[in-house]
Amino acid sequence: QAETSHTQKIVTYTPELSNALNQRVSMIKALKLAIANNELVPFFQPQLDLNTGELVGAEVLLRWIKPDGTLVPPFTFIPLAEASGLILPIGKLVLEQACQLNKQWQDKGFKPFRVAVNVSGVQFDQDNIVDEVSNALTLSGLEPKWLELEVTETALMADINEIIAKLSQLRELGIELAIDDFGTGYSSLNYLKRLPINRLKIDQSFVRNVIDNEDDQAIIEMILNLGKSMKLSVLAEGVEGPAEEAFLKSMNCDEVQGYYYAKPMPTSDFEVYLQSINKA
Ligand code: C2E
Ligand code: MG
Ligand code: MG
Ligand code: MG
């Protein structure tokens, strides 16, 4: 009898499993084609100085635009890209494009700002990440101080000495480093103080409910105090309205990013945006 149920299990599970597998394999194929066909395009979201309102940076957020115009958000293809290793060629491309575009904007006479590129843990773990960043800078001619890498806490959870060494090499190139989604990982303060970073990005989950949720208010206040005592700049992401902004202002938050100011935009719209603020 045990044998019968075992057999039944195989019969019922196999088709589903192979379906799921087939689906993954064909999505990976599609993603490969998307890279070759330039369907992965960078969008840009402004980062502002909260005191002056000035543009200080732009985060690159990748979109997959299919030939029929469908826009695929990153949460559906980035995890697949990470699992399949495709994040390495994708990440390299994003880095190169970001540096190139930022250099072009400077050459067009726009007031310089940082371009912030998300770096996946898989990418960060590579031995040649420092060379890759260095090459992107050389190829574009962008001054290193106008490039920032955003790394999540979870990407920094491996051997601390190795991580510090790698981050230090990146800092020595002259670029800036930010911890993304700060507050959602598990880094201890002792760990954090050893990292050669410039900025903490408060995760949007805390910012979203800050008006009604006292716990989130306390968390944001804590991160801002932490930033002050560790001499790190703090940016709040996911700012959607004036009430959130007012709270962050009252807490002396350094920088902000969110739909309240601007949504992520394709290059052409972002240039129109740059023109509008450079005229003012
Ligand atoms: P992230 O780096 O934390 O980026 C912030 C996300 O918040 C973006 O989502 C952005 O569009 C969204 N956002 C910004 N302001 C607001 C707001 O006011 N309200 C709300 N509700 N959302 C806001 P997006 O573009 O969907 O990207 C999601 C995640 O995908 C990113 O999170 C990042 O982890 C990843 N990602 C995007 N582009 C890349 C990339 O080029 N490489 C890697 N490795 N990951 C990327
Ligand atoms: Mg980010
Ligand atoms: Mg984030
Ligand atoms: Mg995120």
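For clarity, every value in this text was computed on a predicted model and none was experimentally measured.

Enquirer: Where do I start with the side chain of Glu-39 in this structure?
Expert: Mapped onto the fold, Glu-39 is located in the loop between α1 (2–36) and β1 (40–49). No salt bridge forms around the buried Glu-39; measuring N to O, its nearest opposite-charge neighbour Lys-66 is 6.9 Å away. Setting aside its immediate chain neighbours within four residues, Glu-39 contacts Ala-34, Arg-63, Trp-64, Ile-65, Lys-66 and Pro-67.

Enquirer: I tried to follow the pairing of β1 on my own but got confused; where do I start?
Expert: The two faces of a sheet get side chains in turn, since along a regular strand they alternate between them. With eight of its 10 residues buried, β1 lies for the most part within the structure. In this structure, the hairpin formed by β1 and strand β2 (residues 55–65) is closed by a connection of five residues, where Gly-53 is found at a positive phi of approximately 80 degrees. Sheet topology places β1 next to strand β10 (residues 265–266); two bridges connect them, and they run antiparallel. Residue Phe-44 lies in a different strand from β10, and its bridge partner there is Met-265. When β1 meets strand β9 (residues 255–257), the two strands line up antiparallel, connected through two bridges. Across the sheet, Leu-48 pairs through a bridge with Val-256, a residue of β9.

Enquirer: Any chance you could explain helix α2 (residues 74–84) here in plain terms?
Expert: Because each turn of an α-helix spans 3.6 residues, side chains separated by three or four positions in sequence point in the same direction. Within the sequence span of α2, burial applies to Phe-77, Leu-80 and Ala-81. What you see down the axis of α2 is that its buried residues fit within an arc of 105 degrees, all on one side. Exposed residues on α2 whose side chains face more than 90 degrees from its buried face are Phe-75 and Ala-83. In the segment just after α2, Gly-85 is the residue with positive phi, at about 90 degrees.

Enquirer: Help me understand the pattern of salt bridges, please; the structure alone is not making it clear to me.
Expert: Two side chains that carry opposite charge are able to pair once their charged atoms sit near each other. Enumeration according to the criterion identifies 13 salt bridges in this entry. Linking Arg-114 and Glu-148 is a salt bridge whose minimum nitrogen-to-oxygen distance equals 3.8 Å. A residue pair is termed long-range when its members are at least 10 positions apart, and Arg-114 in strand β4 (residues 114–118) and Glu-148 in strand β5 (residues 147–152) qualify at 34 residues. Three or more residues are tied together by salt bridges with common partners; here these are Arg-114, Glu-148, Glu-176, Arg-199 and Glu-255.

Enquirer: Is there a simple way to think about the site of ligand 1 in this case?
Expert: The full set close to ligand 1 counts 22 residues, and Arg-63, Asp-180, Gln-204, Glu-240 and Tyr-259 are the nearest of them. Between ligand 1 and the protein, one listed contact pairs an oxygen atom with a side-chain N or O atom of Gln-204 at 2.6 Å. Starting from 800 Å² of accessible surface for ligand 1 in isolation, the protein chains cover 83%. Within the residue set of the shell around ligand 1, elements represented by two or more residues are β2, α2, α3 (87–107) and β6 (176–182). Ranked by residues supplied to the shell around ligand 1, first place goes to β2 with four residues. Its residues assigned to classes, the shell around ligand 1 comprises nine nonpolar, six polar and seven charged.

Enquirer: Honestly, the coordination of the magnesium ion (ligand 3) in this entry has me stumped. Any pointers?
Expert: Any two of four tetrahedral donors ideally make an angle of 109.5 degrees at the metal, while pairs among six octahedral donors ideally make 90 or 180 degrees. The magnesium ion (ligand 3) binds to the protein through Asp-180 (OD), Asp-181 (OD), Glu-237 (OE) and Glu-237 (OE); the donor distances cover 2.0 to 2.8 Å. A distance of 4.1 Å spans the gap from the magnesium ion (ligand 3) to the magnesium ion (ligand 2), which Asp-180 bridges by coordinating each metal. By relative accessible area, which is 7% here, Asp-180 ends up buried.

Enquirer: Teacher, can you tell me more about unusual backbone geometry here?
Expert: Across residues other than glycine, the phi torsion is negative in most instances, and most of the peptide bonds are trans. Of note in the backbone geometry, Asn-38 takes a positive phi value of approximately 55 degrees without being a glycine. Overall, the relative accessible area of 58% leaves Asn-38 in the exposed class.

Enquirer: What should I look at first to understand a negative patch on the surface in this one?
Expert: Among the surface-exposed residues, Asp-125, Asp-127, Asp-159 and Glu-162 lie close enough to one another that they form a single negatively charged patch. Within the secondary structure layout, Asp-127 lies in the loop between α4 (121–125) and α5 (129–140). Given the relative accessible area of 77%, Asp-127 is considered exposed.

Enquirer: In this structure, what is going on with α5? I would like to understand it.
Expert: Relative to the 16 Å expected for 12 residues at 1.5 Å per residue, α5 spans 17 Å between its end C-alpha atoms, a close match to the ideal helical length. By the burial criterion, the buried members of α5 are Ile-129, Val-130, Glu-132, Val-133, Ala-136, Leu-137 and Ser-140. All buried residues of α5 project into a common sector of 170 degrees when viewed along the axis, lining one side. Along α5, the residues that are exposed and aim more than 90 degrees away from the buried face are Thr-138 and Leu-139. In this fold, the buried residues of α5 make contact with α3, α4, β5 and α6 (160–173). Two residues or fewer after α5 comes Gly-141, characterised by a positive phi angle close to 80 degrees.

Conventions adopted
- Residues numbered from 1 in each chain as written.
- Chains lettered and ligands numbered in written order.
- Predicted model: local features only at pLDDT ≥ 70, side-chain atom pairs only at ≥ 80, totals over all residues.
- Heavy atoms only, no water.
- Helix = DSSP H or I, 4+ residues; strand = E, 2+ residues; numbered from the N terminus.
- Buried < 20%, exposed > 50% of the residue type's maximum accessible area, 1.4 Å probe, protein only.
- Lys, Arg positive; Asp, Glu negative; His and termini not counted.
- Salt bridge = Lys/Arg side-chain N within 4 Å of Asp/Glu carboxyl O.
- Contact = heavy atoms within 4.5 Å.
- Pairing = 2+ DSSP bridges.
- Arc of directions from axis to C-beta.
- Near = heavy atom within 4 Å.
- Polar contact = N/O pair within 3.5 Å; in protein donor to acceptor, adjacent residues only side chain to side chain.
- Areas by Shrake-Rupley, 256 points an atom, 1.4 Å probe, with all protein chains shown as cover.
- Nonpolar A, V, L, I, M, F, W, Y, C, P; charged D, E, K, R; others polar.
- Donors = N, O, S within 2.8 Å, 3.2 Å for Na, K, Ca; no water.
- Patch = residues over 30% accessible without salt bridge, like charges linked within 9 Å, V, L, I, M, F, W, Y side chains within 5 Å.
- Charge placed at Lys NZ, Arg CZ, Asp CG, Glu CD.
- Expected span 1.5 Å × (residues − 1).

Don't take any of this as a statement about function, it's just geometry.
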